[in-house]
Amino acid sequence: MSNLTLLLGLLNFALCHGLEFRYHNSTEVEEYLKAVHRNYSSLTHLHSIGKSVEGRDLWVLVLGKSPTEHTIGIPEFKYVGNMHGNEVVGRVMLLQLIDHLTQGYLSDPQVTRLLNSTRVHILVSMNPDGFEASTRNCVYSEGRYNKHGVDLNRNFPDAFQSNMDMAREVEVQAVMDWLQTEPFVLSANLHGGAVVASYPYDNSNGGNELQWGSSVSPDDDVFIHLAKTYSFTHKSMHNGNSCYDSKDFKDGITNGYNWYPLKGGMQDYNYIWDQCLEITLELSCCKYPPETDLPGLWEDNKQALLAYMELVHLGVKGQVLDSRGTPVENAIVEVQGRNNLCPFKTDRNGEFYRLLLPGNYTFKVTVPGEEPLTETMSIPYGPDRYSALTHNFITPWRSGSPPTTQPTETCGPILRNTGLSNRGAFFDRPLALLLALLLCILLL
Ligand SMILES: [Zn+2]
């Protein structure tokens with residue numbers, strides 16, 4: 001029997017009897033995903049979003065009723081694993097999740113309702129080169145970086161400290177391009193080395209967003225709910241200090257900046273530039289635990305991974321339509337009291353998704369040259385019924401969609417483009433300093 005036949009036989013066995021709890025290498029993962037797609041061809045779509053430095057494909061498995069394309073009203077969710085190649089638990093959890101979702105569809109009510117109402121994208125490994133270079137060690141960091149020795153979670157454009165001159169690694173560029181192809185709403189990035197759910201911001205410019213050591217985003221209430229849903233559905237994360245050397249994380253959650261400031265991280269990029277709310281899940285004290293720990297880790301995380309996906313149905317969703325009923329692309333949909341650094345905009349279908357906790361909210365919908373539309377609405381808790389509140393904004397506008405603009409063109413780094421930096425920028429200038437000095441002398 002050839003190696004390939006043996007491998008295919010093992011994979012078919014795995015598909016019928018559950019996926020084995022062990023570490024699968026990149027070739028095995030690829031073969032497994034291809035076998036899943038063959039066996040569940042109408043429920044799944046498999047594609048590569050790019051290649052790693054060493055030429056390994058970055059495979060994404062998409063699951064849902066309409067897996068190959070976006071459907072209006074169906075939110076897009078994603079999980080990304082193994083960004084740090086030596087943090088391997090997330091990678092295993094995502095393979096087990098794929099197994100659970102495919103086998104549970106049409107037999108398990110929770111899975112069926114989820115996949116009927118949500119399109120789920122799973123990138124099992126963002127750093128396959130790092131995984132292949134890793135050794136089975138709890139703390140040692142070999143394999144953390146990509147083949148160029150770059151930490152991928154420091155390589156995204158940063159909104160608070162300009163790093164636009166930094167070369168983007170191919171794995172990071174592949175994810176950035178991927179974000180442009182789908183209107184992602186909610187996401188999580190799976191890591192290891194602690195047990196905690198960390199949420200934006202990871203960085204700060206030292207401005208108004210800093211509160212008691214945390215870098216607080218306009219959607220802090222939503223992020224805390226997202227993080228707590230994971231930590232309290234997880235078997236032990238909510239207890240806080242799970243690891244012998246860890247900080248005592250109250251309720252098993254933390255603001256990223258409060259834990260440690262980080263520049264160029266993926267979660268800030270997703271939230272600020274792609275209007276996709278993302279948190280970072282640290283799933284194990286040991287980054288590369290023994291295989292015998294894997295069944296227990298799956299039991300710890302299984303319900304939390306499912307409950308977190310259901311949160312994509314928080315808030316309100318719908319379309320902005322002009323007076324002829326045509327969808328308006330790039331309309332700004334703002335929620336009063338939430339000044340997002342980059343405003344949330346409608347996509348190519350005129351759609352918006354806005355994750356919000358239950359309550360009353362006032363929305364302002366704008367395009368250049370038209371009178372803004374303002375509406376107040378009461379929002380229920382959507383995850384209970386696997387759907388956010390559906391609400392279309394019917395505008396009197398006749399001009400249709402404004403010209404398309406890329407997110408990076410409309411809101412660059414805060415230090416460069418927004419009023420938040422004015423205070424700092426003023427005192428950067430010698431003339432301004434001189435004027436301030438003169439004013440002080442005059443006042444004295
Ligand atoms: Zn990590």
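Our structure's up above, just so we're on the same page.
Note that this is a predicted model, so its numbers are computed, not measured.

The rules we used
- Residues numbered from 1 in each chain as written.
- Predicted model: local features only at pLDDT ≥ 70, side-chain atom pairs only at ≥ 80, totals over all residues.
- Heavy atoms only, no water.
- Donors = N, O, S within 2.8 Å, 3.2 Å for Na, K, Ca; no water.
- Tetrahedral: all angles 85-135°; square planar, octahedral: opposite > 155°, others 65-115°.
- Helix = DSSP H or I, 4+ residues; strand = E, 2+ residues; numbered from the N terminus.
- Buried < 20%, exposed > 50% of the residue type's maximum accessible area, 1.4 Å probe, protein only.
- Disulfide = S-S within 2.5 Å.
- Pairing = 2+ DSSP bridges.
- Axes fitted to C-alpha atoms, helices over the stretch in contact; angles between N-to-C directions.
- Salt bridge = Lys/Arg side-chain N within 4 Å of Asp/Glu carboxyl O.

S.K.: Before we go on, may I ask you to explain the coordination of the zinc ion in this structure?
M.R.: Surrounding the zinc ion are the protein donor atoms H84 (ND1), E87 (OE), E87 (OE) and H191 (ND1), at 2.0 to 2.7 Å. Coordination at the zinc ion is irregular: its four donor atoms span angles of 54 to 149° at the metal. Donor residues for the zinc ion, ordered by position in the chain, follow H-x2-E-x103-H. Pair noted here: E87 is in the loop between β3 (76–81) and α3 (89–104) and H191 is in strand β5 (residues 184–191), with a separation of 104 residues, a long-range link. Given the relative accessible area of 3%, H191 is considered buried.

S.K.: Looking at this structure, how should I read the state of the cysteines?
M.R.: Each disulfide consists of one covalent bond between the sulfur atoms belonging to two cysteines. Within the structure shown, the criterion is met by two disulfides. Disulfide partner of C138: C286, at an S-S distance of 2.0 Å. Note on the C138 and C286 pair: the S-S dihedral is about -95°, so by sign convention the disulfide is left-handed. With C138 in the loop between α5 (128–133) and α6 (170–181) and C286 in the loop between β10 (277–284) and α10 (294–310), the pair connects residues that are 148 residues apart, well separated along the chain. Across a sulfur-sulfur distance of 2.1 Å, C243 and C285 are joined as a disulfide pair. Between C243 and C285, the S-S dihedral sits near -90°, and the bridge is therefore left-handed.

S.K.: Please clarify how the sheet that holds strand β2 (residues 57–63) should be interpreted in this entry.
M.R.: Strand order in the open sheet formed by eight strands is β1-β2-β4-β3-β5-β10-β6-β9, with mixed pairing between adjacent strands. Of all the strands in the sheet, the pair left with one neighbour each is β1 (44–51) and β9 (253–255). The mean angle between the axes of side-by-side strands here comes to 20°, regardless of whether they run parallel or antiparallel. Where strand β6 (residues 194–199) lies against β9, three bridges are found, and the strand directions are parallel. The residue of β9 that forms the bridge with Y199 is N255.

S.K.: What is the right way to read the pattern of salt bridges from this model?
M.R.: Scanning all chains against the criterion turns up 21 salt bridges. Its salt-bridge partner being D219, residue R338 comes within 2.9 Å of it at the nearest N-O pair. Here D219 lies in the loop between β8 (214–215) and α7 (220–233) and R338 lies in the loop between β12 (332–335) and β13 (351–354), a separation of 119 residues in the sequence. You can call R338 buried: its relative accessible area is 10%. In this structure, the salt-bridge partner of R338 is D221, at a minimum N-O distance of 2.8 Å. With R338 in the loop between β12 and β13 and D221 in helix α7, this pair connects stretches of sequence that are 117 residues apart.

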